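# Remarks on the overall topology
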Amino acid sequence: METGTGIDARYAASAEQIERAKRSLAGGVATAMRATQRPVPLVIDHGEGSHLFDIDGNSYIDYVIGFGPMLLGHSPEAIIEAVSEQIRRGFTYGAQHRLEAEVAERIVEIVPCAELVCFSTTGSEAVQAALRIARATTGRPKVVKFEGHYHGWLDPMLASTPGIPPAAAEQPSPLEPVPATPGQGDLSGVLVARWNDPEELSRILEEHGDEVAAVIMEPIASNGGLIPPAPGYLEAARELTRAAGTMLIFDEVVTGFRVALGGAQERYSVTPDLAIYGKAIAAGMPLSAVAGTREAMEIVADGRLAHLGTFNCTPPAAAAAVAALDIYRERSPGLYEDLEKVAATLAVGLAEAADEAGVPLKTHQVGPLLQMFILDPQTEVTSYADTAGADPDRLALFSELMLARGVIVLPRGWWFISTAHSAADVEATLEAARGALTELAEKT
Ligand code: PLP
């Protein structure tokens, strides 16, 4: 059944609410990414465990988990308790509180590169702090980033991000940075490299090294296809940056506390100078951090670098982070092994379902992260350019067909698994996927 707007009646209240919001809220959503949900951006009433409940009364198994923060599922009791207790004592003081050091101490204990920490509120801001630290420490102006990696929405990092078609194979590197939005500032300080190509990184650093303050990367290219580092690549990047006097920055906003307790740097045993955390650090409360070696963070510690923010490490966010980090640590390694098992079961089940339905499906899975491509499963995907042959429209339709069956998956096929996802959820999800893939094969 459809509403007057052509939207299925089961989403009528969401569609109506989005129309209402559009009259005062630009675009009807609070962050552009959420506008991509089809057939309509859902309006949520509440979340509990692995499920979201929309204002039409539909319930869904949720594999977006807030775009990653809700690693412990929605509304986890331990975090609610910690935040509720703190919030009665004040929201923000404009002064210090004990919990700041308690969060920082935990990060220093957990994260290999962390000797000192500073806090921001969002991942994008923490990226800016890390870049400023690198530029100020080295006295160099430029940054190398990788095609298809995402480091938040701020200038000049929103260039050559996922969603932008990859550069032609014959384009020499560094690649031309491609802005993802009008209104981006000057991109001349950004050099774009291809992921997983140590020779190319070596050449770029040889030619431009004295101008390059930092090489920043998602150590697993999570946003642009969940592409892990090739064996030896992170080690090569570590050596090359050290030799060039350039800082190595791991953006662990996605991977931090998720692909291992100590993030990608623990998983791959490569230690950067600086690392950036957000999302899962406070299990859904807004908090981000830059962690680094004492040497790399010295310029913050001695007060030379301006690192500011009214909301940096508010007491409720800090309370959530202390509780979340304690849960991750106390339940490690079992928590990470279990997450990995759930994700692997989903990956295998999806591949089987696609095979049966005759849909070409390739999956990548690392820890509790999963990426689907509608692409010949034999295709090797080791850099962003390799994703060019995938079919984003069919993938988006798959996501819409899953939604109709009570499962939320991002239209770009990127799944986040939480500790709340049960064996029953996995079974129900795979049942939905069998139906959705069969319908996809019939429709396209
Ligand atoms: N870095 C990475 C790897 C991310 O995935 C994101 C957000 O998705 C960010 C940085 C920016 O974080 P935020 O959206 O909290 O600003």
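Presented here is a report on the structure given in the accompanying data block.

Here is what the cut-offs are and how they apply
- Residues numbered from 1 in each chain as written.
- Predicted model: local features only at pLDDT ≥ 70, side-chain atom pairs only at ≥ 80, totals over all residues.
- Heavy atoms only, no water.
- Phe/Tyr/Trp six-rings, centres within 6.5 Å; stacked < 30°, edge-to-face > 60°.
- Helix = DSSP H or I, 4+ residues; strand = E, 2+ residues; numbered from the N terminus.
- Buried < 20%, exposed > 50% of the residue type's maximum accessible area, 1.4 Å probe, protein only.
- Salt bridge = Lys/Arg side-chain N within 4 Å of Asp/Glu carboxyl O.
- Near = heavy atom within 4 Å.
- Polar contact = N/O pair within 3.5 Å; in protein donor to acceptor, adjacent residues only side chain to side chain.
- Areas by Shrake-Rupley, 256 points an atom, 1.4 Å probe, with all protein chains shown as cover.
- Nonpolar A, V, L, I, M, F, W, Y, C, P; charged D, E, K, R; others polar.
- Disulfide = S-S within 2.5 Å.
- Pairing = 2+ DSSP bridges.
- Contact = heavy atoms within 4.5 Å.
- Axes fitted to C-alpha atoms, helices over the stretch in contact; angles between N-to-C directions.
- Parallel < 35°, antiparallel > 145°, perpendicular 65-115°, else oblique.
- Left-handed = near helix turned anticlockwise from the far one by under 90°.

## Some words on the packing of aromatic side chains
Considering all chains together, one arrives at 7 aromatic pairs under this definition. Ring centres of Tyr63 and Trp415 lie 4.7 Å apart, and the angle between their planes is 45°; this geometry places the pair in the tilted category. Here Tyr63, found in the loop between strand S3 (59-62) and helix H2 (77-87), pairs with Trp415, found in strand S14 (residues 414-416); they are 352 residues apart in sequence, far enough to count as distant. As far as burial versus exposure is concerned, Tyr63 and Trp415 are alike and both buried. Aromatic ring contacts, followed pair by pair, group Phe146, Trp195 and Tyr233 into a single cluster.

## So, the pattern of salt bridges
A full pass over the atoms with the stated rule returns 15 salt bridges. The partner of Arg238 in a salt bridge is Asp273, with the nearest N and O atoms 3.0 Å apart. On the criterion of sequence distance, the pair formed by Arg238 in helix H6 (residues 233-244) and Asp273 in the loop between helix H7 (263-268) and strand S9 (274-277) is long-range, its members being 35 residues apart. Accessibility expressed as a relative area gives 8% for Arg238, which makes it buried. A salt bridge links Asp302 to Arg304, with the shortest nitrogen-to-oxygen separation between them at 2.8 Å. Looking at Asp302, the relative accessible area reads 39%, which means it is partly exposed. A relative accessible area of 59% means that Arg304 is categorised as exposed. Salt bridges sharing common partners tie together Glu102, Arg106, Glu109, Asp326 and Arg329.

## Focus: the site of the ligand
Lining the immediate surroundings of the ligand are Thr122, Gly123, Ser124, Tyr150, His151, Gly152, Glu218, Asn223, Asp251, Val253, Val254 and Lys279. Between Gly123 and the ligand, the recorded distance is 2.9 Å, taken from a backbone N or O atom to an oxygen atom. Within the complex, the protein chains bury 83% of what would otherwise be the 390 Å² of accessible surface of the ligand. Among the residues making up the shell around the ligand, the classes are represented as 3 nonpolar, 6 polar and 3 charged.

## What to know about the state of the cysteines
Summed over the entire model, instances satisfying the criterion amount to 0 disulfides. Between Cys118, a free cysteine, and Cys313, which holds the nearest cysteine sulfur, the sulfur-to-sulfur gap is 11 Å. For Cys313, a relative accessible area of 3% puts it in the buried group.

## Quick word on the sheet that holds strand S2 (residues 51-54)
Pairing within the open sheet is mixed, and its 4 strands lie in the order S1-S2-S3-S13. Both edges of this open sheet fall to strand S1 (44-48) and strand S13 (407-408), since each of them pairs with a single strand only. As defined by bridge partners, S1 adjoins S2 across 4 bridges and the pair is classed as antiparallel. The partner of Glu48 across the bridge, within S2, is His51.

## Section: the environment of Val254
Among the secondary structure elements, Val254 is positioned in the loop between strand S8 (247-251) and H7. Val254 sits in the buried class, given a relative accessible area of 4%. Excluding its chain neighbours within four sequence positions, the residues that come into contact with Val254 are Ser222, Asn223, Lys279, Leu369, Trp414 and Phe416.

## Quick notes on the sheet that holds S8
As summarised here, the arrangement of the 7 strands in space is S4-S10-S9-S8-S7-S5-S6, forming an open sheet in which the pairing is mixed. Since the sheet does not close on itself, it has two edges, and those belong to strand S4 (116-120) and strand S6 (190-193), each with one partner. Across the sheet, the mean angle from the axis of one strand to that of its neighbour is 20°, orientation sign disregarded. Along the sheet, helix H4 (residues 123-138) contacts S4, strand S5 (142-146), strand S7 (212-217), S8, S9 and strand S10 (288-292); its crossing angle with S10, the most-contacted strand, is approximately 30°. Against the sheet, helix H8 (residues 294-301) touches S4, S8, S9 and S10, its axis set at about 55° to S4.

## Things to note about the environment of Ala9
With respect to the helices and strands, the residue Ala9 is situated in the segment before helix H1 (12-22). C-alpha separation for the pair Ala9 and Ala301, spaced 292 residues apart in sequence, amounts to 56 Å.

## Looking at the packing of helix H3 (residues 98-110) against helix H9 (residues 315-330)
Packing of H3 against H9 brings their axes to within 9 Å, and their N-to-C directions diverge by 30°. Our classification of the angle between H3 and H9 gives roughly parallel. Note that H3 runs across H9; the crossing there is left-handed. Across from Leu99, Glu102, Val103, Arg106, Ile107, Glu109 and Ile110 in H3, the residues of H9 making contact are Pro315, Ala318, Ala319, Ala321, Val322, Leu325, Asp326 and Arg329. Across the contact of H3 with H9, the residue classes break down as 10 nonpolar, no polar and 5 charged.

## Quick notes on the packing of helix H5 (residues 198-208) against H6
It is the contact of H5 with H6, at a shortest axis distance of 10 Å, that shows an interaxial angle of 10°. Between H5 and H6, the crossing angle belongs to the class labelled roughly parallel. Every residue of H6 that contacts H5 at Pro198, Leu201, Ser202 and Leu205 is listed here: Tyr233, Ala236, Ala237, Leu240, Thr241 and Ala244. The class makeup of the residues in the contact of H5 with H6 is 8 nonpolar, 2 polar and no charged.

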